[in-house]
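# Descriptive structure summary
Listed here are the chains, written in short residue letters.
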Amino acid sequence: MSENSDEAIAPGVDWDALAASFDDEPDHGLRDADVRRAWAARLASWLPERPGDVLDLGCGTGSLSLLAAERGHRVTGVDLSPAMVERARVKLAGRDAVFLTGDATAPPVGEQRFDAVLVRHVLWTLPDPGRALRHWRQLLRPGGRLVLVEGVWGSVAPVGIPAGRLTALLAPLAGQARVERLSDDPSLWGREVTDERYAVVATYG
């Protein structure tokens, strides 16, 4: 997805075609050391302290998966784009990580359960985000957590999901949710941003 403040790529885009250039965005490729450190610090505070099983849905080229794996987590990444999945496999070669081609709303993980489900910039594209959240909740072990990074992008024709709507969708799932504002931390994006960007961490059990 383009992170430009007045532009976002609509659902239905050819993600395979974008895979080669996906990491060019600072917060996608995390090639800049400052941006990488910023995301690593946030992820360390969002994911369980002890190494566990992390499901990265809509994993793209695996940049966040790599940060999780570097903290000792066992990562399963899922993306609808085979080209993204292949890049993620290369990026995490030799790590304790598995990448699968599949739909984030119904990931092909069978009966496996996870200590954390990590989802960045996926919910806003879904026709029924509440249904996806209910399913993701079922993939958690007791004490597990949903880590959801979302936002509202653009000033002319905004797209996304506001934090208030997301927390309302989570309320029936009876977890403890906190919202962390990300817009005011330019180190995450490689530049100043003015739109709404945030993370919600919801813990269950």
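To keep things clear, this report deals only with the structure shown in the data block. Given the structure is predicted, the values throughout are model-derived calculations rather than measurements.

## Regarding the environment of Leu-118
Along the chain, Leu-118 turns up in strand 4 (residues 114–120). With relative accessibility at 1%, the residue Leu-118 sits in the buried group. The spacing of Leu-118 and Leu-43 is 75 residues in sequence and 9.5 Å in space, taken between C-alpha atoms.

## Thoughts on the packing of helix 6 (residues 129–138) against helix 7 (residues 163–170)
At a minimum axis distance of 9 Å, the contact between helix 6 and helix 7 shows a crossing angle of 50°. In terms of orientation, helix 6 lies oblique with respect to helix 7. Relative to helix 7, helix 6 is oriented so that their crossing is right-handed. Across from Pro-129, Gly-130 and Leu-133 in helix 6, the residues of helix 7 making contact are Arg-165, Leu-166, Leu-169 and Leu-170. Residue classes in the contact of helix 6 with helix 7 are distributed as five nonpolar, one polar and one charged.

## Quick word on the packing of helix 3 (residues 33–46) against helix 4 (residues 63–70)
Axis separation between helix 3 and helix 4 bottoms out at 10 Å; the angle between their running directions is 60°. Here helix 3 lies oblique to helix 4, going by the angle between them. Here helix 3 and helix 4 pass one another in a crossing that is right-handed. Only Leu-64, Leu-66, Leu-67, Ala-68 and Glu-70 of helix 4 make contact with helix 3, whose side of the interface consists of Arg-36, Trp-39, Ala-40 and Leu-43. A breakdown of the residues in the contact of helix 3 with helix 4 according to their chemical character gives seven nonpolar, no polar and two charged.

## Considerations on the packing of aromatic side chains
Going through the model one piece at a time under the given rule, you end up with three aromatic pairs. Arranged with centres 5.4 Å apart and planes meeting at 85°, the rings of Trp-39 and Trp-189 form a pair that is edge-to-face. Placement of the pair is Trp-39 in helix 3 and Trp-189 in the loop between strand 7 (176–181) and strand 8 (196–203), with a sequence separation of 150 residues. Neither Trp-39 nor Trp-189 differs from the other in exposure class; each is buried. Among the aromatic side chains, those forming a connected cluster through ring pairs are Trp-39, Trp-46 and Trp-189. Seen from the ring of Trp-39, Arg-120 lies directly overhead, with NZ or CZ sitting 4.7 Å from the centre. If you follow Arg-197 out to its NZ or CZ, it ends over the ring of Trp-189, 4.6 Å from the centre.

## Focus: unusual backbone geometry
Its identity as a non-glycine residue notwithstanding, His-121 has a phi of 55°, on the positive side. Counting through the fold element by element, His-121 comes out in the loop between strand 4 and helix 6. Owing to a relative accessible area of 11%, His-121 belongs among the buried residues under this scheme. The phi torsion at Ala-174 lies on the positive side, around 60°, for a residue other than glycine.

What counts and what doesn't
Every chain begins its residue count from 1, and numbering advances along the sequence as written. Local features in a predicted model are, by the rule used here, given only for residues with pLDDT of at least 70; side-chain atom pairs are given and counted only at 80 or more, and totals for whole chains, interfaces and linings are based on all residues. Heavy atoms throughout the structure, all of them, feed into the side-chain values; hydrogens and water do not. The secondary structure listing takes helices from DSSP runs of H or I that are at least 4 residues long and strands from runs of E that are at least 2 residues long, numbered from the N terminus. Only protein chains enter the accessibility calculation, which uses a 1.4 Å probe; a residue whose area is less than 20% of its type maximum is buried, one above 50% is exposed, and one in between is partly exposed. A fitted line through C-alpha atoms serves as each axis, taken over the contacting stretch for helices, and the angle formed by two N-to-C directions is quoted from 0 to 180°. Our angle categories are set so that under 35 degrees counts as roughly parallel, over 145 as roughly antiparallel, 65 to 115 as roughly perpendicular, and the remainder as oblique. The hand of a helix crossing depends on one turn: near helix anticlockwise from the far one by less than a right angle means left-handed, and clockwise means right-handed. Contact definition: two residues touch when any of their heavy atoms are within 4.5 Å. Three classes are used: nonpolar for Ala, Val, Leu, Ile, Met, Phe, Trp, Tyr, Cys and Pro, charged for Asp, Glu, Lys and Arg, and polar for all others, with Gly counted as polar. The aromatic pairing rule takes the rings of Phe, Tyr and Trp, using the six-membered ring of Trp, and pairs them if the centres are within 6.5 Å, calling planes under 30 degrees apart stacked, those over 60 edge-to-face and the rest tilted. Any Lys NZ or Arg CZ found within 6 Å of a ring centre and within 35 degrees of that ring's normal is scored as a charge over the ring.

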